[in-house]
Amino acid sequence: MSQFQHDARVAVRPIARQREGDSVTIGDLERQVFLTIPAEAMEILAALEAGKTVGESARLYEQAHGVTPDIDGLLDALADEGFVAPWGDAAGAAPPDIAPAPTLAWITPAIARRMFGRPLLGACAIAIAIAAALIASDPGLVPSPSVLVFHHDLALLGGAMFAITSLGIAVHELGHLLAARASGVPARIGFGNRLWILVAETDMTGMWLAPRRKRYLAFLAGPIIDVASAAALAGVLWGQRRGWIALSPTLEQLTGAVFFSYLVRLLWQCFVFIRTDFYYVLATALNCKSLLADTEDLLRNRWARLRGSVPAVDQSAIPAREMRAVRAYAWIWLGGRAVAFASLILITVPVLVGYASGLGGALTGRDSTYDTADLVVLAGVGLAVQGAGLVLWIRSLHRGRTQRRTNAMAAQ
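This report concerns the structure included in the present document. (Residues numbered from 1 in each chain as written. Predicted model: local features only at pLDDT ≥ 70, side-chain atom pairs only at ≥ 80, totals over all residues. Heavy atoms only, no water.)

1. Quick look at the overall build of the protein chain
Part 1: Helices and strands together make up the secondary structure of the protein chain, namely 12 helices and seven strands.
Part 2: A total of 412 residues make up the protein chain; the buried ones form 40% of that total.
Part 3: Contacts in the protein chain between residues at least 24 apart in sequence constitute 68% of all its contacts with a sequence separation of at least 6.
Part 4: Accessible area for the protein chain stands at about 22000 Å²; split by element, carbon and sulfur atoms hold 64% of it. (Helix = DSSP H or I, 4+ residues; strand = E, 2+ residues; numbered from the N terminus. Buried < 20%, exposed > 50% of the residue type's maximum accessible area, 1.4 Å probe, protein only. Contact = heavy atoms within 4.5 Å. Areas by Shrake-Rupley, 256 points an atom, 1.4 Å probe, with all protein chains shown as cover.)

2. What about helix α7 (residues 212–241)?
Each turn of an α-helix holds 3.6 residues, which means side chains three or four residues apart point in the same direction.
Part 1: Over its 30 residues, α7 extends 43 Å from the first C-alpha to the last, a length consistent with the 44 Å expected when each residue adds 1.5 Å.
Part 2: The largest bend in α7 comes to about 45°, at L220, with the proline P223 one to four residues further on.
Part 3: With its phi angle positive at about 75°, G243 sits one or two positions after the end of α7. (Expected span 1.5 Å × (residues − 1). Bend = angle between axes of the 7 residues up to and from the residue.)

3. What about a nonpolar patch on the surface?
Part 1: A cluster of nonpolar side chains, namely L104, W106 and M115, defines an oily patch on the protein surface of about 300 Å² accessible area.
Part 2: If you trace the backbone, M115 turns up in helix α4 (residues 109–115).
Part 3: When its relative accessible area of 36% is taken as the criterion, M115 is described as partly exposed. (Patch = residues over 30% accessible without salt bridge, like charges linked within 9 Å, V, L, I, M, F, W, Y side chains within 5 Å. Salt bridge = Lys/Arg side-chain N within 4 Å of Asp/Glu carboxyl O.)

4. Concerning the side chain of T165
Part 1: If you trace the backbone, T165 turns up in helix α6 (residues 154–182).
Part 2: Within the structure, T165 has its side chain in polar contact with the backbone oxygen of M161 (distance 2.8 Å).
Part 3: Residues in contact with T165, not counting those within four places in the same chain, are S261 and R265. (Polar contact = N/O pair within 3.5 Å; in protein donor to acceptor, adjacent residues only side chain to side chain.)

5. Comments concerning the pattern of salt bridges
Part 1: Evaluation of the coordinates by the stated rule reveals five salt bridges.
Part 2: Between D297 and R300 there is a salt bridge, with the nearest N and O atoms lying 3.1 Å from each other. Of this pair, D297 and R300 are both found in helix α10 (residues 291–306), three residues apart, which corresponds to roughly one turn of the helix.
Part 3: Residue D297 is classed as buried on the basis of its relative accessible area, which comes to 18%.
Part 4: Through salt bridges with shared partners, a single ionic network connects D138, R241 and R242.

6. Quick word on the packing of aromatic side chains
Part 1: Counted under the stated rule, the structure contains seven aromatic pairs.
Part 2: Taken together, the aromatic side chains of W208, F219, Y279, Y280 and Y329 make up a single cluster linked through ring pairs.
Part 3: Here R265 stacks its cationic end above the ring of Y262, 4.5 Å away from the centre of that ring. (Phe/Tyr/Trp six-rings, centres within 6.5 Å; stacked < 30°, edge-to-face > 60°. Lys NZ or Arg CZ within 6 Å of the ring centre and 35° of its normal.)

7. Brief notes about unusual backbone geometry
Part 1: Backbone geometry at N287 places phi at a positive 55°, although glycine is not the residue there.
Part 2: Considering the arrangement of structural elements, one finds N287 in the loop between α9 (277–286) and α10.
Part 3: The exposure class of N287 is buried, given its relative accessible area of 12%.

8. Some thoughts on the pairing of strand β3 (residues 23–28)
Part 1: Most of β3 is tucked away, with six of its six residues classed as buried.
Part 2: Here β3 shows two buried faces, one formed by S23, T25 and G27 and the other by V24, I26 and D28.
Part 3: Here five bridges tie strand β2 (residues 16–20) to β3, and the two strands are oriented antiparallel to one another. What sits directly across from R17, in β3, is I26. (Pairing = 2+ DSSP bridges.)

9. Here we look at the packing of helix α1 (residues 41–49) against helix α2 (residues 54–65)
Angle between the axes and distance between the axes: these two values describe a pair of packed helices.
Part 1: Where α1 meets α2, the closest approach of the two axes is 9 Å, and the angle between their N-to-C directions is 140°. Relative to α2, the element α1 is oriented oblique. Here α1 runs over α2; the crossing is right-handed. When α1 is examined against α2, the residues E43, I44, A47 and L48 are found in contact with a partner set consisting of V54, S57, L60, Y61, A64 and H65.
Part 2: Split by residue class, the contact of α1 with α2 holds seven nonpolar, two polar and one charged. (Axes fitted to C-alpha atoms, helices over the stretch in contact; angles between N-to-C directions. Parallel < 35°, antiparallel > 145°, perpendicular 65-115°, else oblique. Left-handed = near helix turned anticlockwise from the far one by under 90°. Nonpolar A, V, L, I, M, F, W, Y, C, P; charged D, E, K, R; others polar.)

10. Let's talk about the side chain of E322
Part 1: Position of E322 relative to the elements: it lies in helix α11 (residues 320–364).
Part 2: Not counting residues up to four positions away in its chain, the partners in contact with E322 are N287, C288 and D294.

11. Observations concerning the packing of α7 against helix α8 (residues 249–269)
Part 1: Following both chains from N to C, one finds α7 and α8 inclined at 150°, their axes separated by 9 Å at the closest point. The pairing of α7 with α8 is recorded here as roughly antiparallel in orientation. Along this stretch, α7 crosses α8, giving a crossing that reads as left-handed. Judged by residue contacts, P223, D226, V227, S229, A230, L233, A234, V236, L237 and Q240 of α7 engage E252, T255, G256, V258, F259, Y262, R265 and L266 from α8.
Part 2: A class-by-class count of the residues in the contact of α7 with α8 yields 11 nonpolar, four polar and three charged.

12. Description of a positive patch on the surface
Part 1: A cluster of basic residues, R113, R114, R118, R213 and K214, forms a positive patch on the protein surface.
Part 2: When residues of the positive patch are traced back to their parent elements, those giving at least two are α4 and α7.
Part 3: With respect to the helices, strands and loops of the structure, K214 is situated in helix α7.
Part 4: Accessibility expressed as a relative area gives 31% for K214, which makes it partly exposed. (Lys, Arg positive; Asp, Glu negative; His and termini not counted. Charge placed at Lys NZ, Arg CZ, Asp CG, Glu CD.)

The values reported here are purely geometric and, on their own, carry no functional implication.
As structure tokens, then:
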């Protein structure tokens, strides 16, 4: 039985909304909670906001469309997400689940627009165009993965590489945050994981309430800054190769290693089979906010059918247009795993083998260019970064499995 009586009014929280086609995304920006509902459902929500009772809102909808709406189901779904509540239960309908304090709260939309505006984007475009021309004229500017293996001063160079890379990641995420804030959308920077890899990430879920053009810019802000940064390093290496800039062999390798790390991160962003920046660009283009989740559910259902089991998730409510996109994306999801393992074999493994060889020599007393400090730095950074990513990945797998079991039990 629904908690909403048909002769009663309903308390509705202040919400933002963005319509696209036959659906509307509504959001509570204070709590950063978002939900997509049919466009027609907004007529009922608008009537409730205007003070109509549940029954009056249903009758208005029936007069306009000639069908009786499932208003109880709609209100229960909205109540579960905290958008509505029985009149008088609480001011604003939902319990005061306040979102975590935003990162860099002093960056207002006005400040963000000044910091991340046309001048910066124009400078990035010029730098990228120049670097593209330099690389086209001298392809040798792009180093091989071996540049990431330091054969001496590993503690110093490894620590410098880690610090520079961390700074680059911070600037990347700051770009996302500025682009989101410039659109008036709250955003905060935190940490998460993609598969077993620890990542910094900017939570800007509210961008789904912004126009599509602004969404593209917010999702691409980080890669734009990365490409511009890599372009600057390409210019330095190009100048060094022609004797215009004097770099020591060590500094030249460090510059090349940082440049190559930007290329690897850009390759990582192309892994649209996980939630990378380019995945969100693709999801925006296809107008499928739950593209990845729906695709994984589709693959689980097909795997269940192959085993003769009942599909785990009912996807009958997904519009036909979105299901076509999900089926096509499933091939990208599968092919993406092949690309990920290829990069693992061609890039990650050679680098690890190079370090393992040197460290093995140091541990067994053979000739090695590494000392005790090098071993401590490499082990410490590796355990901190890879270990944290692995723990988060295992935790996410456990939570996902637990949630699926809970949903399956509730459906019985």
